[in-house]
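As a plain string of letters, each chain reads:
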Amino acid sequence: MTDLNETRRMMPLGLARRGYAGVIQHLSAKDAGSALSDVELESRLIELGFVEGARVEVLHEGLVGRDPIAVRVDNITIAVRRREAMAIVVA
Amino acid sequence: MELPLLHLALVGTPNSGKTSLFNALTGSRQKVANYPGVTVERKEGFFVTPLGRQVSVVDLPGTYSLRGRSPDEEITRDFVLGKASGETVPDLVLCVADSTNLRLTIRLLLELKRTGRPMILVLNMFDIASRRGITVDVERLAKELGVPVVTSIAVRKGGTADLLALTDEISAKLAAEPQDNSWRALSVAELRATQREADRIIADCVSLPARPDTLTARIDAVVLHPVGGLIVLAAILFVMFQAVFAWAQPLMELLQSGFDALGELVHATLPAGLLQSFLQNGVISGVGSVIVFLPQIIIIFLFILLLEDFGYMARAAFLMDRIMGGAGLHGRAFIPLLSSFACAIPGIMATRVIDNKRDRLTTILIAPLMTCSARIPVYTLIISAFIPARDVWGFINLQGLVMFGLYAAGITSALIVSFLIKFFMLRDYAPAPFMLELPDYKVPRLKSIAIGIFTRAKMFLQRAGTTIFSMMVLIWFLASFPQPPAGATEPAIDFSLAAIIGKAIAPLLAPVGFNWQIAVALIPGMAAREVAVAALGTVYAIEGGKEAAEQIGQVLATKWSLATALSMLAWYIFAPQCASTLAVIRRETGSWTWMAVTFSYMLMLAYAASLLTYNVAVALGAG
C-alpha cells in the first residue's frame, strides 16, 4: 500500500516551515514544554480541531523567530505558537 | 391566557456569528449589565415570536467547550446548567454554528446535549456556505444529532424567519418536567471521542467543496506577511487616528456653535446673576464642551467594531504576538489594549480573554497607558490651540502628526513598563500559550456595527449627563463661592474655593509649569479625564467674563506658554486621571494593592515626563 503517511517521516508540527502540509499522527503534550499541564494542552488542541487524521498546512509564519504559525486544520485556520505546536506530531 | 416569558440562551464558539444573530433577533431592544460578582458582560434582549410569544434571549460568552477555563466560559457553563446565581434556567438553548465551519460547533453541541436542555442547532451564515458550494443535508443532520436544525442568515432581513417559526413550534410543546443532566467535565479521551463522532456526522451530512475560501487566503497573503502585515497594521492605525482628527472636525464645530448659541440665548434671556452664570458657564459650556467630542468617540468605535467584524482583530493579535511577547505580553493582550484606545474600562474588562493570571495582570497594569478617548478632548484642545494646522511633507497634517506622536508615546511607554514588570516583578514565569482561531474574512454587518456604536454613544452620553454633569456643578460651585467682597477689583474666581485649593497644590506642580488654574482643573479631572477640559473652560470663562466663553482654546493660547502646553500633553499621556479606571482595576484584580501600584507608578511617570518636557521646552526657548 502506498500510504503517504508511512513513507513520510514523523515530525512535530512545531518544526514545520511555511508551506508544509501533512496529517496529524498523534498528540504528545509532554514533548511541548508548554506552560499548560499536559492534560490541559491536549484538551485545548483537540477543542481547536487538532485531532488524529486532520489535515494540516502551515500557511503563515510570524516575523520574529518565524513564530507564531497560522495552521490550516481541515477547513479552519488556527494561530498557535511553535512551542505548543511541538505537541502535534505530523507526517 | 398570557404565556410566561420564554427564556432562550445563545451558545456557540467564538466567531460563530452569535452576536449578529442576537442583534438580528432583538434589534435595539437590548440590556447590557454584568453577572453578579463577576465582570462578565451580560447581554439580554427581547423580541416577540410570530405567534405572539414574548421571548427573552441571553447572548452567552463564546466557548469551545463546557470545561469553563475562564470566567467567561464558566458563566456559559453555569448558565446552561442552571447554576448561575439569580438566573433562570433557559427553556431553550440555541446552539449557533458558522455553517462554513461546523466541526468545532458540532462537538460543542454533542457536549451540550448531555445537559439535557431542549436545544436547536442554528446553522448561521448559511448564505456564505451555499456560495462556497458547501451543502448540508439538514434533515439528516437533525436525525443524526437528535436535535432540530434550522438555517439562518442573520444579516439578511427575514433571514431568521425559519428560526422564529421553529421556536414557536418547539416552545409550544416544551416538556414541563426537568430533563436529565448527565453532563460532567470530559476527559481527554472523551473529548477526542466526541470530536471523532462530530467528524463522522459531518462526513455523512455535509459535503465540502474542493475550493476553500480563496478570498481570505488572498487577503491573508498580504495581511499576514511577516513584514507587509506589520506595515498594513501601522497604516490602519495611522489612518484611524488621522480620521479621528480630520473627519470629526466639521461635526464638532457644528456641535460647538450649537452650544454657544444656546449659551448666548440663556445669557440674553435671563437676568444677570447666579442662575444665569450657573446655566451658561456651569451647565451649558461645561457639559457642551464634553459632548462636542461625541463624533470622535463614534469614529474610534466605528474603526474598532469594523475591524473586529471584518475578522482583522485576530490577525492583529497574530502579528503582534511575538513583538508583544518581547515586552512580556501575550498576543491576546492586543485586543484588550486596542479596546483601551476607546476606554481603559472595557479594555481592562476584556483582559478576561487572557487565561493566565500573570499575563492578565500585566495587561491590566498597562491598559490605562493606552490613549483612551477621554484624553482626546484634552489633546485636541491643546493641540488646536498651540500647534499650527499646516501640512508637513505636503500631505500630513501637523496636528494629526502630534496626535499620532502622543499615541505612540503611550504605546511605547506601555511596552517598556510591561518589560520592566516582567523583568523585576514576575520573573519566575513561563509564557502562556497563544492559540486563536483566525476566522474567514466577512463583510462587516452594518446593522451590528450601528447597534454597537449606538450602545457606546449612549454610555458616553449617560456619563456626560450624570458623572460629568455633577462634576461640572461642583466645579462651578467651587469656582463661584465664596463670592468676592463688594468693591473687589480682582476677578471673582480669585476669591473662590477653587482658587484656594488650586493655589495650595500649585507649588507642587510649579516645577512642571502648571499654574493654579490647571491645578484646579486636575482635581475634577479625576472623575473623568475629559472633565478637565470643561473645568478649564469654567475656570477661565468665569474669570474672563462673557467674551472668554466662546473659545477655551483661544484663551489658553494667550494664558499658557508653549512649554506649559507641552508639559500638560506629557502629563496626560501618563497621569492616572480616572477614578472609574482605578475602580475597575481594583475589581478585576480583587486587590487594593494593584490599584495603588497602578496609581503611583502612573503618577510618578506623569510627573517625570512633564518635568522633563517643561524644562527641555523652556531651555529651547518655549517658556
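Residues numbered from 1 in each chain as written. Chains lettered and ligands numbered in written order. Predicted model: local features only at pLDDT ≥ 70, side-chain atom pairs only at ≥ 80, totals over all residues.

Bringing the overall build of chain A into the picture now. Tallying secondary structure elements over chain A gives three helices and six strands in all. The globule rule puts the C-alpha radius of gyration for 91 residues at 12 Å, and the 12 Å found for chain A is close to it. With respect to the principal axes defined by its C-alpha atoms, chain A has extents near 40 × 30 × 25 Å. Taken over 91 residues, chain A has a buried fraction of 47%. Across chain A, every contact between residues at least 6 apart in sequence was considered, and the portion connecting residues at least 24 apart equals 62%. (Helix = DSSP H or I, 4+ residues; strand = E, 2+ residues; numbered from the N terminus. Rg over C-alpha atoms; globule rule 2.2 N^0.38 Å. Buried ≥ 20, exposed ≤ 12 C-beta atoms within 10 Å, placed from the backbone. Contact = placed C-beta atoms within 7 Å.)

Looking now at the pairing of strand 4 (residues 69-73) of chain A. Both faces of the sheet carry side chains from a regular strand, because those side chains alternate between them. Residue and element names in this part refer to chain A. Along strand 4, four of the five residues are buried, which leaves the element largely enclosed by surrounding structure. Sheet topology places strand 3 (residues 55-61) next to strand 4; five bridges connect them, and they run antiparallel. Looking across to strand 4, one finds that valine 58 is bridged to valine 71. (Pairing = 2+ DSSP bridges.)

This paragraph deals with helix 2 (residues 71-81) of chain B. All names here are of chain B. Buried residues dominate helix 2, accounting for eight of its eleven residues. When we look at burial in helix 2, the residues that qualify are Asp72, Glu73, Glu74, Ile75, Thr76, Arg77, Phe79 and Val80. Against strand 1 (6-12), strand 4 (54-59), strand 5 (92-98) and helix 3 (103-113) lie the buried residues of helix 2. Following helix 2 by one or two positions, glycine 82 adopts a phi angle in the positive range, close to 75 degrees.

Here we take up the domain arrangement of chain B. All names here are of chain B. As assigned here, chain B comprises domain 1 (6-207) and domain 2 (251-292 + 445-551). Contact with domain 1, which involves six residues of that partner, is made by six residues of domain 2. In terms of residue count, the dominant contributor to the side of domain 1 that touches domain 2 is helix 1 (residues 18-26) (three residues). For the side of domain 1 that touches domain 2, the per-class residue count stands at two nonpolar, four polar and no charged. (Domains from an automatic or database assignment. Nonpolar A, V, L, I, M, F, W, Y, C, P; charged D, E, K, R; others polar.)

Now for the sheet that holds strand 1 (residues 11-12) of chain A. The strand order across the open sheet formed by seven strands is 1(A)-6(A)-2(A)-3(A)-4(A)-5(A)-12(B), and the pairing between neighbours is antiparallel. Only two strands of the sheet have a single partner each, and these edge strands are strand 1 of chain A together with strand 12 (435-437) of chain B. Its contacts with the sheet put helix 13 (residues 312-326) of chain B on strand 4 and strand 5 (76-80) of chain A together with strand 12 of chain B, and the angle it makes with strand 12 of chain B is roughly 150 degrees. (Axes fitted to C-alpha atoms, helices over the stretch in contact; angles between N-to-C directions.)

Below, the discussion takes up the pairing of strand 2 (residues 21-27) of chain A. Residue and element names in this part refer to chain A. Where strand 2 lies against strand 3, three bridges are found, and the strand directions are antiparallel. Paired with valine 23 across the bridge in strand 3 is arginine 55. Inspection of the sheet shows strand 2 paired to strand 6 (residues 88-90) by three bridges, in the antiparallel sense. When the bridges of strand 6 are listed, isoleucine 24 appears paired with valine 90.

To continue, consider helix 17 (residues 375-386) of chain B. Residue and element names in this part refer to chain B. Its twelve residues place the ends of helix 17 17 Å apart at the C-alpha level, agreeing with the 16 Å of an ideal helix rising 1.5 Å per residue. Counting buried positions along helix 17 yields ten of twelve residues, so the element is predominantly enclosed. Buried within helix 17 are the following residues: Arg375, Ile376, Pro377, Val378, Tyr379, Thr380, Leu381, Ile382, Ile383 and Phe386. (Expected span 1.5 Å × (residues − 1).)

Moving on, we come to the confidence of the model for chain B. Residue and element names in this part refer to chain B. Considering every residue of chain B, the mean pLDDT works out to 82; 91% of them sit at 70 or more. Low confidence marks residues 545-550, where pLDDT is under 50. Its contacts with residues over four positions away, or in another chain, come to nine contacts. The complex prediction reports pTM at 0.77, with the ipTM value standing at 0.90. (pLDDT = per-residue confidence, 0-100.)

Our focus in this paragraph is unusual backbone geometry. A cis amide bond links aspartate 67 of chain A to the next residue, proline 68 of chain A, at an omega of -5 degrees. Turning to its location among the elements, proline 68 of chain A is positioned in the loop between strand 3 and strand 4. The residue aspartate 74 of chain A is not glycine, and still its phi comes out positive at about 50 degrees. Its place among the elements puts aspartate 74 of chain A in the loop between strand 4 and strand 5. Even without a glycine there, the phi angle at asparagine 15 of chain B is positive, about 70 degrees. Positionally, asparagine 15 of chain B belongs in the loop between strand 1 and helix 1. Under the C-beta neighbour-count criterion, asparagine 15 of chain B is labelled partly exposed, with 19 such atoms within 10 Å.

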